[in-house]
Amino acid sequence: MYLGRFVQSGFRNLEPLDLTFDPHVNIFLGENAQGKTNLLEAIYFLALSRSHRTNNDRELINFDQDFASLAGRVHQKQVDIDLRLVISKKGKSAWVNRIEQSRLSKYVGHLQAILFSPEDLELVKGAPALRRRFMDLEFGQVNPEYLYFASQYRQSLQQRNNYLKQLAKREASDKVLLSVLTEQVATSASEIISRRYRYLAGLNRHAASAYQAISGAREDLTVIYRPSAKTIEPGDDAQTIKAKLLARFAEIEDDELRRATTLLGPHRDDLEFQLDGKNAHLFASQGQQRSIALSLKLAEIQLIKELTGDEPILLLDDVMSELDQHRQAALLNFIHGKTQTFITTTDLEGISQEIVKQPRIYYIHAGRILEKEEGLNGRRR
């Protein structure tokens, strides 16, 4: 799979553009704050219909525009697909092969994309919200049902939290309605948790293998799902998970009423990374943490290939300079010749010339993108 033609207008600070990308490696060169990250964000948004940087889609529209438009042609093994997204102040609209989609969950999945940015290096020691977002963004690409239940969960959770606040302020008193809202939250939560367990099993397997290769087989990496409802176990099906959630909600009802918020569910779950059985959050060195983050990204590529039969595109947002030569080589050797890759950087010197020999290079300045003619070695192509 690769993204060929890409057309956009009105997205952040980017000037309107119409580009045809190389199926292998595309490098975007420029100083900071010129639009490199915005371009990768636009490509990522075209794939997932959401940003990795903000939950407010209005922020993506150029301040002097009424809407932003993204379009691209995706080349798969058997078929080419045209995708289009329009972001307006009223919301998002999506088209696949010129047919408008009734739900975004029907749109997502036609172009899979893996993004690796400096923030991902904080996955091990960063806030739990980073790891939850990691799961939601990646698992939603390979399973439209995950997206559907995640959307249902957000709506039900917001309604329940609002009602808990009303009860806490004595603006409402109907506990029957609270039970109904709790049932709705538990239903969608159980579907999300069961799918997280399922996909993490595959991710765990691939991440362990990748970490062995990166670390020289010095430690074993394990990724463990930590649900906020401690009674939930990996082998539980959705029905069992729901029953355990409802039982736990009954136990903590007084606490939730006092704090006026929902205290358990997927929005409070977490991941734990272990090296040889030890919590990496507590014991891993910075180098080990970066190896874990890199292993997860490589595992995502393998998992998507396993589940869909196609390689996702890879977006490396100013991350090459954050990796030493060993980890950079591990990454580029893994993707070379298999995965269409987009790299942003301020300096070509930080990219291995031996592995990336013939990239297509673009220069970005003040949101304007121009294709350069020279390769990594500075020679005219």
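The model shown is predicted, which means the values in this text are computed figures rather than measured ones.

Thoughts on the pattern of salt bridges
Any two side chains of opposite charge can pair, so long as their charged atoms come close to each other.
Now for step 1: Under the criterion given, the structure shown has 24 salt bridges.
Now for step 2: Note that Glu183 and Lys242 form a salt bridge whose closest N and O atoms lie 2.5 Å from each other. With Glu183 in helix α5 (residues 175–215) and Lys242 in helix α6 (residues 238–251), the pair connects residues that are 59 residues apart, well separated along the chain.
Now for step 3: Using a relative accessible area of 34% as the deciding quantity, one classes Glu183 as partly exposed.
Now for step 4: Linking Asp324 and Arg327 is a salt bridge whose minimum nitrogen-to-oxygen distance equals 2.4 Å.
Now for step 5: The class of Asp324 is partly exposed, set by a relative accessible area of 36%.
Now for step 6: Judged by relative accessible area, Arg327 falls into the buried class, the value being 15%.
Now for step 7: Residues participating in the shared-partner salt-bridge network are Arg12, Glu41 and Arg53.

With respect to the side chain of Ser291
Now for step 1: Here Ser291 lies in helix α9 (residues 286–308).
Now for step 2: Setting aside anything within four residues of it in sequence, one finds Ser291 in contact with Tyr211, Ile214 and Arg327.

Focus: the pairing of strand β1 (residues 2–9)
Two faces belong to every sheet, and in a regular strand the side chains alternate between them.
Now for step 1: With six bridges joining them, β1 and strand β4 (residues 67–75) adopt antiparallel strand pairing. Bridging from a neighbouring strand, Tyr2 pairs with His75 of β4.
Now for step 2: Where β1 lies against strand β2 (residues 17–20), four bridges are found, and the strand directions are antiparallel. Paired with Phe6 across the strands is Leu19, a residue of β2.

Focus on the nonpolar core
Now for step 1: The biggest cluster of nonpolar side chains holds 66 residues, and the ones touching the most others in it are Leu245, Phe273, Ile292, Leu296 and Leu331.
Now for step 2: A total of 13 residues in this core trace back to one element, the largest contributor, which is α5.
Now for step 3: Counting only domains with at least three residues in this core, you end up with domain 1 (1–112 + 310–376) and domain 2 (119–309).
Now for step 4: Those residues in contact with Leu331 that lie beyond four places of it in its chain are Leu294, Leu298, Leu314, Leu316, Met320 and Leu323.
Now for step 5: Counting residues in each nonpolar core, the second largest holds 42 residues, with Ala42, Ala113, Leu115 and Ile364 among its members.

As for the UniProt feature "binding site: ATP" (unreviewed entry) in the protein chain
Now for step 1: As recorded in UniProt, the sites labelled "binding site: ATP" (unreviewed entry) are Gly30, Glu31, Asn32, Ala33, Gln34, Gly35, Lys36 and Thr37.
Now for step 2: Following the sequence through the fold, Gln34 ends up in the loop between β3 (25–29) and α1 (36–48).
Now for step 3: Ignoring any residue separated from it by four or fewer positions in sequence, one finds Gln34 in contact with Asn13, Ile364, His365, Ala366 and Gly367.
Now for step 4: Of the polar contacts made by the side chain of Gln34, one reaches the side chain of His365; its length is 3.2 Å.
Now for step 5: Within the secondary structure, Lys36 is located in helix α1.
Now for step 6: By relative accessible area, Lys36 is classed as buried at 6%.
Now for step 7: Ignoring any residue separated from it by four or fewer positions in sequence, one finds Lys36 in contact with Phe28, Leu29, Gly30, Glu31, Thr344, Thr345, Thr346 and Ile364.

Some remarks on the domain arrangement of the protein chain
Now for step 1: We note that the domain assignment places domain 1 (1–112 + 310–376) and domain 2 (119–309) within the protein chain.
Now for step 2: Summarising the inter-unit geometry, the C-alpha centres of domain 1 and domain 2 are found 27 Å apart.
Now for step 3: On the side of domain 2, 21 residues touch domain 1, which itself brings 27 residues to the contact.
Now for step 4: Both faces combined, the contact of domain 1 with domain 2 buries some 2,200 Å², and carbon together with sulfur accounts for 60% of it.

Thoughts on a nonpolar patch on the surface
Now for step 1: Where nonpolar side chains cluster on the molecular surface, the patch consists of Val176, Leu177 and Val180 and spans about 240 Å² of accessible area.
Now for step 2: Within the secondary structure, Leu177 is located in helix α5.

Each value, and the rule that gives it
- Residues numbered from 1 in each chain as written.
- Predicted model: local features only at pLDDT ≥ 70, side-chain atom pairs only at ≥ 80, totals over all residues.
- Heavy atoms only, no water.
- Salt bridge = Lys/Arg side-chain N within 4 Å of Asp/Glu carboxyl O.
- Helix = DSSP H or I, 4+ residues; strand = E, 2+ residues; numbered from the N terminus.
- Buried < 20%, exposed > 50% of the residue type's maximum accessible area, 1.4 Å probe, protein only.
- Contact = heavy atoms within 4.5 Å.
- Pairing = 2+ DSSP bridges.
- Core = buried A, V, L, I, M, F, W, Y, C linked by side-chain atoms within 4.5 Å.
- Domains from an automatic or database assignment.
- UniProt positions renumbered as here; feature names shortened; annotations may be inferred.
- Polar contact = N/O pair within 3.5 Å; in protein donor to acceptor, adjacent residues only side chain to side chain.
- Buried area = accessible area lost by both parts, 1.4 Å probe.
- Patch = residues over 30% accessible without salt bridge, like charges linked within 9 Å, V, L, I, M, F, W, Y side chains within 5 Å.
- Areas by Shrake-Rupley, 256 points an atom, 1.4 Å probe, with all protein chains shown as cover.

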